[in-house]
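Listed below are the residues making up each chain.
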Amino acid sequence: MYSNNAINENDFQYVAIKDGEKQNIVEYGDVLFTLSSETPNEVGIGSVYLGKEKVYLNSFCFGIHITNMELAFPPYLSYYVSSTAFRKFIYPYAQGSTRFNLCKADFEKASIKLPTLENQKRIYSILSHIDNKIITERQMLDLYNSQKQYLLRQMFI
């Protein structure tokens, strides 16, 4: 969750579930949050599960299941939960002194305002295009660096 604001089938690890152990199932569109951290800034780091397989939530996280997909567009939420505005919203729910924990009960009562579904889709489209452009630019930079290294080696033969 710390490295991706969107999680798919390739981003999780398998664990053994013992007989009688209750696990919460994560489904497409569920918003997942970290519960604990050493700093209040790292509590409540969010990700959205955009995979199709049903997976299980570990005990270090909690999730919110979106029941009305007409109000929230999960791919948009993957950007929203990492936004500055949302981080400022979640910060007061971090409690503690040496170890900070998200006060889940208070957080679950909170109300989050979202743009209309149409605007969420438009914002997501723009942000995903920007992300794709960044990926392309990084790939080109890697290729240019490889080419530079090759040319430098050829100069000193």
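Here, the structure is the one placed above.
Below or above, wherever it landed, is the structure these notes cover. (Residues numbered from 1 in each chain as written. Predicted model: local features only at pLDDT ≥ 70, side-chain atom pairs only at ≥ 80, totals over all residues. Heavy atoms only, no water.)

### A closer look at the overall build of the protein
Our working definition: Put simply, DSSP marks the helices as runs of H or I at least four residues long and the strands as runs of E at least two long, and each gets a number from the N terminus on. We compute the radius of gyration over the C-alpha atoms and compare it with the globule rule, which gives 2.2 Å times the number of residues raised to the power 0.38. Burial status follows relative accessibility: with a 1.4 Å probe on protein chains alone, a residue under 20% of its type maximum counts as buried, one over 50% as exposed, and anything between as partly exposed. Whether two residues touch is decided by their heavy atoms; if any such pair falls within 4.5 Å, the residues are in contact. Areas reported as accessible are Shrake-Rupley estimates using a 1.4 Å probe. Residue values count occlusion only from the protein chains shown.
On a plain count of helices and strands, the protein comes out with 4 helices and 9 strands. The C-alpha radius of gyration computed for the protein amounts to 20 Å, which surpasses the reference 15 Å derived for 157 residues by more than 25%, pointing to a less compact arrangement than a globule. By its C-alpha atoms, the protein is 65 × 40 × 35 Å across when sized along the principal axes. A buried classification covers 28% of the 157 residues belonging to the protein. Long-range pairs, those at least 24 residues apart, make up 74% of the contacts in the protein with a sequence separation of at least 6. Entry remark: accessible area of the protein is about 11200 Å², with carbon and sulfur atoms responsible for 54%.

### Focus on the sheet that holds strand β9 (residues 100-102)
Where we set the bar: Note: two strands are recorded as paired if DSSP finds a minimum of 2 bridges between them.
The 3 strands lie next to each other as β4-β9-β8, forming an open sheet whose pairing is antiparallel. Edge strands, defined here as strands with exactly one partner in the open sheet, are β4 (36-37) and β8 (94-95). In this sheet, β9 lies alongside β4 in antiparallel orientation, the contact comprising 2 bridges. If you follow S37 over to β9, its bridge partner there is F100.

### Things to note about the sheet that holds strand β3 (residues 31-34)
Spatially, β1-β5-β3-β7 is the arrangement adopted by the 4 strands of the open sheet, whose pairing is mixed. Looking at the sheet topology across the chains shown, the edges are occupied by β1 (6-7) and β7 (61-64).

### Digging into the pairing of β3
Neither face of β3 is exposed, since V31 and F33 on one face and L32 and T34 on the opposite face are all buried. In terms of strand pairing, β3 meets strand β5 (residues 46-49) through 3 bridges, oriented antiparallel. Looking at β5, one finds that F33 is bridged to G46. Judged from the 4 bridges that link them, β3 and β7 form a sheet pairing that is antiparallel. Opposite T34, over in β7, you have C61 as the bridge partner.

### Observations concerning the environment of I64
You can see I64 is positioned in strand β7. Judged by relative accessible area, which is 30%, I64 ranks as partly exposed. The sequence separation of I64 and H129 amounts to 65 residues, and the corresponding C-alpha distance is 27 Å. Residue contacts for I64: discarding those within four places in its chain leaves D30, V31, F33 and F107.

### Observations concerning the nonpolar core
This is how it is decided: In this text, buried Ala, Val, Leu, Ile, Met, Phe, Trp, Tyr and Cys residues form a nonpolar core when linked through side-chain atoms within 4.5 Å.
Among the nonpolar cores identified, the biggest contains 19 residues, and V31, F33, L77, F86, L102 and F107 are the most heavily contacted of them. Not counting residues within four places of it along the chain, the set of residues in contact with V31 comprises S47, V48, F62, G63, I64, I66, L77 and V81. V26, L32, Y49 and C61 belong to the second-largest nonpolar core, a separate cluster that totals 7 residues.

### Some thoughts on a nonpolar patch on the surface
Test applied: Note that patches include only residues with greater than 30% relative accessible area and no salt bridge, and the join distances are 9 Å for like charges and 5 Å for nonpolar side chains (Val, Leu, Ile, Met, Phe, Trp, Tyr). Between Lys or Arg on one side and Asp or Glu on the other, a salt bridge is scored when a side-chain nitrogen of the former is within 4 Å of a carboxyl oxygen of the latter.
Where nonpolar side chains cluster on the molecular surface, the patch consists of I123, I126, L127, I130 and I134 and spans about 370 Å² of accessible area. Mapped onto the elements of the fold, I123 is located in helix α4 (residues 117-155).

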